[in-house]
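Examining the three-dimensional arrangement
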Amino acid sequence: MDEIKKYHEIRLSNQKEFDKIVLNKFKKNLFDDEKKNQLLKKNIYLLKKTPKKFNFMHPLRVAFYSTIFFKKNIDLISLCIFHNLFEIENIDKKKFNKMINKKTIKYIENLTINKKLKFDKKYISKYYEKLLRSPKIVRITKCLDKFDNLYNLKKNPDINIKKKYLIEIKKYIIPLTKNNKIFNDYLKLMIKINYENFKNG
């Protein structure tokens, strides 16, 4: 709990410092099983092979959060690393389909959102209906993805978009995390902080 609070405070005050912590975490072996460590290294290597415009720190942070809010799980970490792979502009899907296992590819497809429709209520409703039928690690990854984005939401100058984003999280993400009180509490805290940012301009 104290460790999570420490990371939260660092993230709020200095994202560059937080990103260093994330990078250092994944330079070390996370598992006693060497095969899992090798797979993790391979996945991070593949992530860094994505187009230069892609911010690979976001999926690494999502993977990092999976290790502090949930039990370390190589399948969950791997999915977090690749969760938004198919949303990257001009991504070579065929190339990555050959290098990532089929189950993870299927989960990535479940998570991939049509950015043109991301604020369409009917589309979003159907998206989350499908997500609810997906395996637990898919749902967890989506929640962690949204959580990481909450820290950078203040950078978006469009207040309406920010409000829509928070409404989506309150409606769909918060209920998905009710069985993890600590994670649920931090999600609610970040929603509160973002609403306070609106008031303070």
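Residues numbered from 1 in each chain as written. Predicted model: local features only at pLDDT ≥ 70, side-chain atom pairs only at ≥ 80, totals over all residues. Heavy atoms only, no water.

1. Topic: the nonpolar core
One recurring pattern in soluble globular proteins is that nonpolar side chains are buried together. In this structure, F26, Y65, F69, L85, L144, F147 and L150 are the most contacted members of the largest nonpolar core, which totals 65 residues. In terms of residues, this core owes the most to one element, helix α4 (residues 57–69), which gives eight residues. (Core = buried A, V, L, I, M, F, W, Y, C linked by side-chain atoms within 4.5 Å. Buried < 20%, exposed > 50% of the residue type's maximum accessible area, 1.4 Å probe, protein only. Helix = DSSP H or I, 4+ residues; strand = E, 2+ residues; numbered from the N terminus.)

2. So, the pattern of salt bridges
As enumerated under the stated definition, the model contains six salt bridges in all. A salt bridge links R61 to D148; its shortest N-O distance comes to 2.8 Å. Residue R61 is found in helix α4, and its partner D148 is found in helix α9 (residues 136–150); the two are separated by 87 residues along the sequence. (Salt bridge = Lys/Arg side-chain N within 4 Å of Asp/Glu carboxyl O.)

3. Examining the side chain of T50
You can see T50 is positioned in the loop between α3 (34–47) and α4. The exposure class of T50 is buried, given its relative accessible area of 9%. Among the polar contacts made by the side chain of T50, one reaches the main-chain carbonyl oxygen of L47 at a distance of 2.5 Å. Once residues lying within four places of it in the same chain are set aside, the contact partners of T50 are L85, I88, I91 and F96. (Polar contact = N/O pair within 3.5 Å; in protein donor to acceptor, adjacent residues only side chain to side chain. Contact = heavy atoms within 4.5 Å.)

4. Considering the environment of I91
Mapped onto the secondary structure, I91 falls in the loop between α5 (74–82) and α6 (93–99). Along the sequence, I91 and T50 sit 41 residues apart, while their C-alpha atoms lie 7.4 Å from each other. Once residues within four sequence positions are removed from consideration, I91 is found in contact with T50, P51, L85, F86 and F96.

5. Details of the layout of surface pockets
Empty space among the atoms becomes apparent when a probe as large as a water molecule is rolled across them. What the largest pocket holds in volume is close to 900 Å³. The wall of the largest pocket is formed by 28 residues, among which N84, E87, K115, K118 and N149 lie closest to the centre. At the level of elements, α4, α9 and α10 (159–176) are the ones that each hand at least two residues to the lining of the largest pocket. With four residues, α9 is the single largest residue contributor to the lining of the largest pocket. (1 Å grid on protein atoms, 1.4 Å probe; cavity = no way out; pocket = protein on both sides within 12 Å on 5 of 7 lines; lining within 4 Å. Points joined across faces, edges and corners; volume = space filled by probe spheres on them.)

6. Some remarks on the packing of aromatic side chains
Using the criterion set out here, one finds 18 aromatic pairs in the structure. Where Y65 meets F147, the ring centres are 4.9 Å apart and the plane angle is 80°; that geometry is what we call edge-to-face. Of this pair, Y65 sits in helix α4 while F147 sits in helix α9, and the two are 82 residues apart along the sequence. Across this residue pair, the class does not change: Y65 and F147 are buried. Aromatic rings pair up to connect Y7, F18, F64, Y65, F69, F70, F147, Y151, F183 and Y186 into one cluster. Between K93 and the ring centre of F86, over which it is positioned, the NZ or CZ distance is 5.0 Å. (Phe/Tyr/Trp six-rings, centres within 6.5 Å; stacked < 30°, edge-to-face > 60°. Lys NZ or Arg CZ within 6 Å of the ring centre and 35° of its normal.)

7. So, the environment of I182
Relative to the helices and strands, I182 resides in helix α11 (residues 181–199). For the pair formed by I182 and K155, sequence separation is 27 residues and the distance between their alpha carbons is 26 Å.

8. As for the confidence of the model for the protein chain
Of the residues in the protein chain, 99% have a pLDDT of 70 or more, and the chain-wide mean is 94. Of all secondary-structure elements in the protein chain, the lowest mean pLDDT belongs to α6, at 89, while α9 reaches the highest, 98. (pLDDT = per-residue confidence, 0-100.)

9. As for unusual backbone geometry
Although it is not a glycine, N90 sits at a positive phi angle of roughly 60°. Its location among the elements puts N90 in the loop between α5 and α6. Judged by its relative accessible area of 69%, N90 is exposed.

10. A closer look at the environment of T177
Mapped onto the elements, T177 comes out in the loop between α10 and α11. When the C-alpha positions of T177 and L144 are compared, they lie 9.8 Å apart, and in sequence the two are 33 residues distant. Apart from the residues lying within four places of it in its own chain, the contact partners of T177 are C143, F183, N184 and L187.

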